[in-house]
Every structure is written in structure tokens, then in C-alpha cells.
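Fold and geometry: a report
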Amino acid sequence: MVDEYKYIKSFNFAKNLSKKTLTNEIDRVWDSYHLSSKNFKNINLFYQHPVWILNGLWTYEDKNSVLHRHLVVKFFKDFFKNRPIKVSDYGGGAGSLGKICVKLYNNIKCYDIIEPYPFIYFKKKLKKEKKIFFKKKIKKNFYDVLIMQTVLEHVNNPIDVLKNVLKNFEKGKLILIGNDFYPIEKCHIKTNFYLRHTFNWVVQSLGLKFISVIKGCEYMNAYEVVNSSNKYLINIKILIARMVGPLLNIAVDLYQILKKNIFNILKKPINAITNYKI
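Residues numbered from 1 in each chain as written. Predicted model: local features only at pLDDT ≥ 70, side-chain atom pairs only at ≥ 80, totals over all residues. Heavy atoms only, no water.

Focus: the sheet that holds strand β7 (residues 217–225)
Taken together, seven strands build an open sheet; the order of strands is β3-β2-β1-β4-β5-β7-β6 and the sheet is mixed. At either margin of the open sheet sits one strand with a lone partner, and together these are β3 (132–135) and β6 (208–214). On average, each strand axis in the sheet is inclined to that of its neighbour by 20 degrees, with strand direction left out of account. Where strand β1 (residues 85–90) and strand β4 (residues 145–149) come together, three bridges link them in parallel fashion. Bridging from a neighbouring strand, Ser88 pairs with Leu146 of β4. (Pairing = 2+ DSSP bridges. Helix = DSSP H or I, 4+ residues; strand = E, 2+ residues; numbered from the N terminus. Axes fitted to C-alpha atoms, helices over the stretch in contact; angles between N-to-C directions.)

What follows is the structure, given as C-alpha cells:
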């Protein structure tokens with residue numbers, strides 16, 4: 001077993017820790033358990049490793065991460081108009097979003113972190129927060145909001161996981177999902193990348209209606225539960241998405257490259273004109 005305190009201390013508790021250094025360390029730990037997109041034998045041990053304490057501490061320190069959490073709270077305020085709400089944060093083990101939410105949104109009645117691998121470190125860190133609780137399971141028909149922030153890219157069967165979670169939410173409830181179906185870290189499962197540009201279309205068959213992207217936090221989408229899951233249609237959509245998704249990924253990447261190069265080509269004559277002196 002790794003000594004948690006010594007481990008995170010060796011990284012100065014994530015202060016001034018770069019994203020690259022953090023990613024390299026997560027990848028190193030992933031490799032140490034001999035994991036891959038096809039081998040999940042030691043996945044539980046991986047997510048119990050203190051590298052995830054380090055990752056959680058980094059979300060408290062990183063300016064972009066903090067900004068994104070503030071934007072999520074702003075969305076709450078605009079959507080609920082300060083009405084009393086109960087929040088479930090699925091996989092939000094560090095509590096960095098929860099801490100900002102309960103501080104800035106006074107009418108949060110409870111903020112439950114649904115975490116299969118809770119760290120004692122974060123339980124102690126959040127001990128004084130009267131509205132934040134760690135829970136093993138989601139209460140059925142209890143919450144007004146579900147948050148799944150950068151969770152689904154880590155699991156082997158993301159649509160099944162989401163479908164099972166949504167069974168606990170009634171019509172009209174708000175669902176906030178942030179995905180990162182990119183090879184940023186090795187623990188982002190490659191077989192899920194077909195959902196990078198097809199996710200919104202696929203999850204409609206889970207009974208979700210797309211509301212909007214959270215402004216300034218474009219990887220986070222807001223949905224409303226409008227219906228129950230259609231198990232036949234969802235299977236068909238997954239099959240189509242698995243075929244079309246990889247092609248879409250290539251097409252979008254090519255478009256971004258062309259767009260960038262064309263902009264740079266056009267920029268040169270514009271700069272030459274604006275810098276021309278008579």
C-alpha cells in the first residue's frame with residue numbers, strides 16, 4: 001500500500017503542479033497495474049490509489065477548473081432562481097465542485113457525493129461542510145440535480161452506467177454531464193471515443209432532452225429528464241454511433257486543422273496590408 005500522506009506531500013499537495021506532470025503520473029500508475037482498454041482486472045485498485053487524491057487537490061488549485069465550477073454554480077442560479085434544491089454529484093470524490101456550490105448557492109439543502117471509492121483525506125477535508133455528504137448509492141426520486149463531471153470516459157460501458165443512474169430521476173429533473181472522450185489520459189477508455197460527437201444524439205433515447213451547453217464550460221451539457229429509456233432504440237443508436245462516431249472524429253479533426261491553416265494563410269496578407277507604411 002502507498003502511504004497517502006507521503007505520496008501527496010512528495011508532490012507538494014498539488015501546489016503549482018502542471019497538468020502535464022499530473023497526467024504523466026496518472027498514466028504511470030495506470031501502467032503499474034497493467035491496465036488497458038481491454039484489461040480492467042485491477043481497475044478498483046487503480047481508483048483507490050492516492051494519485052486520485054492528487055488529482056482532486058489539483059482541481060482545487062487549477063484556475064481553469066475553479067472557473068468551470070463557478071460557471072456551473074452560475075448555471076444553477078439562473079436555472080433554479082435560488083429555489084431549494086438537492087444535488088447528487090456522481091463520482092465527485094474530491095468535493096471541489098460541492099464546496100463551491102454550497103458556498104455560492106445558499107438554497108442547496110444537501111449535496112451528496114456519490115463515490116464508490118471515497119478517500120478519508122477528502123472526508124476530513126470536507127468534515128466542516130454541513131451540507132456535503134458522501135454516499136455509496138443514489139437515493140431514488142430524491143434529487144433535483146445530477147452532476148456527472150468527467151466520469152463517463154473512465155468507465156467501460158458509459159451508456160449503461162448513465163442509464164442505470166437515470167432510473168433514479170423523475171421527469172423534469174436537471175442532468176449536467178461533462179465528458180472528455182479524448183486520449184488525454186490512458187484511463188480514458190479508447191472504446192468510448194465513438195461518443196465524442198455522438199453522445200447528445202445517443203442519450204436522447206435515455207429520455208434526456210438537451211437544454212444547452214454551460215457557457216464558458218463547453219464540455220458540460222445540461223439536459224432535462226423528459227421520458228424513460230427506450231431500450232430498443234438506444235441499442236440501435238449505439239450500433240450506429242459505433243460505426244459513424246470514429247469517422248466523425250476524423251472529419252472534425254481534419255476540419256479543425258484546415259480551419260487553422262486557412263486562417264494562418266489569410267492572416268499573412270492581412271498583416272502585410274495593416275503593417276504597410278506609405
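Section: the packing of helix α4 (residues 51–61) against helix α5 (residues 63–80)
Look at α4 against α5: their axes get within 5 Å of each other, and the N-to-C directions meet at 75 degrees. With respect to each other, α4 and α5 are oriented roughly perpendicular. Of the residues in α5, those touching α4 at Trp58, Thr59, Tyr60 and Glu61 are Lys63, Ser65, Val66 and Arg69. (Parallel < 35°, antiparallel > 145°, perpendicular 65-115°, else oblique. Contact = heavy atoms within 4.5 Å.)

Section: helix α6 (residues 96–104)
Taken together, the buried positions of α6 are Ser96, Leu97, Gly98, Ile100, Cys101 and Val102. Among the structural elements, α4, α5, β1, β2 (108–114), β3 and β4 are those in contact with the buried residues of α6. (Buried < 20%, exposed > 50% of the residue type's maximum accessible area, 1.4 Å probe, protein only.)

Some thoughts on the pattern of salt bridges
Any two side chains of opposite charge can pair, on the condition that their charged atoms come close. On inspection of all chains with the given rule, the structure shows seven salt bridges. Residue Lys186 pairs with Asp31 through a salt bridge whose shortest N-O separation is 2.7 Å. One end of the pair, Lys186, is in the loop between β5 (174–178) and α9 (199–203); the other, Asp31, is in helix α2 (residues 19–32), and 155 residues separate them in sequence. A relative accessible area of 39% means that Lys186 is categorised as partly exposed. Its salt-bridge partner being Lys163, residue Asp160 comes within 3.9 Å of it at the nearest N-O pair. (Salt bridge = Lys/Arg side-chain N within 4 Å of Asp/Glu carboxyl O.)

Comments concerning the packing of α5 against α6
Between α5 and α6, the least distance of the axes is 9 Å, while the angle of their chain directions is 45 degrees. Our classification of the angle between α5 and α6 gives oblique. Considering only the axes of α5 and α6, their crossing is right-handed. Residues Val66, Arg69, His70, Val72, Val73, Phe76 and Lys77 of α5 pack against Ser96, Leu97, Ile100, Cys101 and Leu104 of α6. (Left-handed = near helix turned anticlockwise from the far one by under 90°.)

Regarding the environment of Ile114
Along the chain, Ile114 turns up in strand β2. Excluding residues within four positions of it along the chain, Ile114 makes contact with Ser88, Asp89, Tyr90, Gly91, Gly92, Lys135, Lys136, Lys137, Ile138 and Tyr143.

Some details on the environment of Asn261
Assignment of secondary structure puts Asn261 in helix α10 (residues 231–274). Measuring from C-alpha to C-alpha, the distance between Asn261 and Val202 comes to 32 Å, with 59 residues separating the pair along the chain.

Describing the pairing of β7
For β5 and β7, the ladder comprises five bridges, and the chain directions are antiparallel. In the strand pairing of β7, Ile175 is matched with Tyr223. Between β6 and β7, which follow one another and run antiparallel, lie two residues, and Gly216 among them has a positive phi close to 85 degrees.

Quick look at unusual backbone geometry
The backbone of Asn16 shows a phi angle near 60 degrees, a positive value even though the residue is not glycine. Inspection of the secondary structure puts Asn16 in the loop between α1 (4–10) and α2. One non-glycine residue, Lys81, adopts positive backbone phi at about 55 degrees. Tracing the backbone through its elements, the reader meets Lys81 in the loop between α5 and β1. In this structure Lys81 comes out as exposed when scored by relative accessible area, which is 61%.

Details of the side chain of His154
For His154, the location among the structural elements is in the loop between β4 and α8 (158–166). Residue His154 is classed as buried on the basis of its relative accessible area, which comes to 14%. Those residues in contact with His154, other than ones at most four positions away along the chain, are Tyr47, Trp52, Glu185, Cys187, His188 and Ile189.

Remarks on the packing of aromatic side chains
Here a ring pair, both rings aromatic, is described through the centre-centre distance and the interplanar angle of the planes. All told, the structure shown has 16 aromatic pairs when counted by the stated rule. Ring geometry for Phe75 versus Phe79: centroids 6.0 Å apart, planes at 15 degrees, classification stacked. Of the two residues, Phe75 and Phe79 are both situated in helix α5; the distance of four residues between them amounts to about one turn of the helix. We classify Phe79 as partly exposed; its relative accessible area is 31%. Positioned above the aromatic ring of Phe142 is the side chain of Lys86, whose terminal nitrogen or guanidinium carbon lies 4.3 Å from the ring centre. When the ring centre of Tyr60 is taken as origin, the NZ or CZ atom of Lys125, which lies over that ring, is 4.7 Å away. (Phe/Tyr/Trp six-rings, centres within 6.5 Å; stacked < 30°, edge-to-face > 60°. Lys NZ or Arg CZ within 6 Å of the ring centre and 35° of its normal.)

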